[in-house]
Amino acid sequence: MKFRVALVLVLSLVTTAIHAEKISLVGGTVINPADGKVLPNATVVIDGDKIERVAMGRQDAATLGKQIPCVGKFILPGYIDTHVHFFQSGDLFTRPDGADLNSVRPYKDEVAWVKSHLNDVFERYLRCGITSVVDVGGPFWNFEVRKTANETAKAPRVAVAGPLISSVSREKLDLGDPPIVKIDTPDQAREFVRKLAQQKPDLVKIWYIVDKDHPVESFRPIVRATMEESHAHKIRVAVHATELETARAAVEEGADVLVHSVIDKPIDDAFVKLLKDHHTILCPTLVVFERYGRTFSHQLNLTPEEQKWGNPEVIASLDVTKIPPDKLPQRIKDALAKTDETMSRIKKTYEVALPNLKKLEDAGITIAAGTDAGNIGTIHGPALFREFQLMKEAGLTPMQILQCTTANAAKLFGGDIGGRIGKIEDGYLADLVVLNSNPLDDIAHASDIDMVIKNGVVYPAASILQ
Ligand SMILES: [Zn+2]
């Protein structure tokens, strides 16, 4: 017992020593997407967990602490992925409601694997320079994920929503703590928001699913009640809405955040003005639109970053040809049989989604980068670099993309922490990514990572997944 107390003391002294250390990144180019400023030959002084100052030119060595030479390097705020789901692994078995493979791998085994690999997922985010993430919906144990992440040094900062409030249920995901809860009346919605509020969620999430049995107007009173009750508790609301009229209804009812792009038709000027007037933040999650179809039709296009930094077990599972044909669900059989149709559906989605994103960006709407990682084929961590490629295809400049994943994303993260991340400024939290090549020349360089700094602690990139 005595030994244990002594050990705790020693450990806490070590931790304090790490955090109290003053370090300076000397001679690099600081890129601050918040205001688009680029400072060559800059020195970033970090004291403990905070950025003390950013200075130009020669500095008095006595004020710098330990110096880390950064000549030729590019220093950015740590990236933020504003749309992930920790309850999903990204593997083939993680959404039995979409592709039931319980006969190959029972969903309860999948959930157990997910829960036992949280630290692995956290480290993969850090390896990708992602120092904060927003989990936009999952079971109540999401709140434990946030607690664990915030107590773990080698992990991103985590903001969370609880279970999704939905017009439809997903029984196959319900093992006692369902990630999606069907709500039938405004009173039920208010009661559920009050239950969520006890957990202090960073967001409340509505899954506004519309089809012929669930028209936009039928669920709208529940959307309204959810917004009113959440806002009364000072909690923001994020809404999944992928059709123009669903998204319009969500914003009219007061959505703070729209998740996913509008993919059914081109957005109109009235919609753009609506988002502008309401200061709505939009998170496009482009990558997820290709990954279900590509995985199911055996056309997966994982990037080199995903191959290197994604979880190998997750990636190995995504080869549908390894599943015995008699165990494949119809949806995958169809996708395999009609590859062309699957691929042309993805192409059509981007033909609408990418111009919609460009139109919103040009109009000055706050766009926050996010991937929907954890869904089948969307890899926790490096999926963000595929998202950057797609944002580039939409016509965004490297600086705009970097702004989406730093300063804008911090606004979506929200709260006290959201006000202290996403910028390289005096007093901000020392969450940084240091690159070997200039991301303003080519956004592909955003993954050319030399080191990652989280909460003032330096991690050489190559050491993170070892
Ligand atoms: Zn999602």
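Here the structure is a predicted model, which is why all the values come from computation and not from measurement.

On to the overall build of the chain, then. Looking only at helices and strands, one finds 17 helices and 18 strands in the chain. The globule rule puts the C-alpha radius of gyration for 466 residues at 23 Å, and the 22 Å found for the chain is close to it. Viewed in the frame of its principal axes, the chain has a C-alpha envelope of about 70 × 55 × 45 Å. A total of 466 residues make up the chain; the buried ones form 57% of that total.

Counting 120 residues, the largest nonpolar core has Tyr-79, Phe-86, Leu-92, Tyr-208, Val-239, Leu-258 and Met-391 as the members making the most contacts within it. If we skip the residues at most four places from it in the chain, Tyr-208 touches Val-216, Phe-219, Arg-220, Val-223, Val-239, His-240, Thr-246, Ala-249 and Ala-250. If you look at the next biggest cluster of nonpolar residues, it comprises 18 residues, including Ala-159, Val-257, Ala-368 and Ala-409.

This part takes up the sheet that holds strand β8 (residues 157–160). The strand order across the open sheet formed by three strands is β6-β7-β8, and the pairing between neighbours is parallel. Because the sheet does not close on itself, it has two edges, and the strands there are β6 (79–84) and β8. Taken pair by pair, the neighbouring strands of this sheet meet at an average axis angle of 15 degrees, ignoring direction. As defined by bridge partners, β6 adjoins strand β7 (residues 130–135) across four bridges and the pair is classed as parallel. Looking at the pairing, Tyr-79 lines up with Ile-130 of β7. Relative to the sheet, helix α3 (residues 118–127) contacts β6 and β7, its axis offset from that of β7 by approximately 125 degrees. Seen against the sheet, helix α4 (residues 142–151) touches β7 and β8 and runs at an angle of roughly 160 degrees to β8.

The next thing to look at is the coordination of the zinc ion. On the protein side, the zinc ion has His-83 (NE2), His-85 (NE2) and Asp-372 (OD) as donor atoms, found 2.1 to 2.2 Å from it. Written as a sequence motif, the donor residues of the zinc ion are H-x1-H-x286-D. The same class applies to His-83 as to His-85, namely buried.

Attention shifts here to the pairing of strand β1 (residues 22–32). Remember that side chains alternate between the two faces of the sheet whenever the strand is regular. Here β1 lies mainly inside the structure; nine of its 11 residues are buried. As paired strands, β1 and strand β4 (residues 66–69) are joined by four bridges and run parallel to one another. In the sheet register, Ile-23 faces β4, and the bridge partner there is Lys-66. By the bridge criterion, two bridges tie β1 to strand β5 (residues 74–77) in an arrangement that is parallel. When the sheet's bridge partners are listed, Val-30 is paired in β5 with Ile-75.

Attention shifts here to the sheet that holds strand β14 (residues 281–283). If you trace the seven strands from one edge of the open sheet to the other, you get β10-β9-β11-β12-β13-β14-β15, paired in parallel fashion. The open sheet terminates on both sides in strands that have one partner only, identified here as β10 (180–182) and β15 (366–367). In terms of strand pairing, strand β9 (residues 164–166) meets strand β11 (residues 203–207) through two bridges, oriented parallel. Paired with Ser-166 across the bridge in β11 is Trp-207.

What counts as what
- Residues numbered from 1 in each chain as written.
- Predicted model: local features only at pLDDT ≥ 70, side-chain atom pairs only at ≥ 80, totals over all residues.
- Heavy atoms only, no water.
- Helix = DSSP H or I, 4+ residues; strand = E, 2+ residues; numbered from the N terminus.
- Rg over C-alpha atoms; globule rule 2.2 N^0.38 Å.
- Buried < 20%, exposed > 50% of the residue type's maximum accessible area, 1.4 Å probe, protein only.
- Core = buried A, V, L, I, M, F, W, Y, C linked by side-chain atoms within 4.5 Å.
- Contact = heavy atoms within 4.5 Å.
- Pairing = 2+ DSSP bridges.
- Axes fitted to C-alpha atoms, helices over the stretch in contact; angles between N-to-C directions.
- Donors = N, O, S within 2.8 Å, 3.2 Å for Na, K, Ca; no water.

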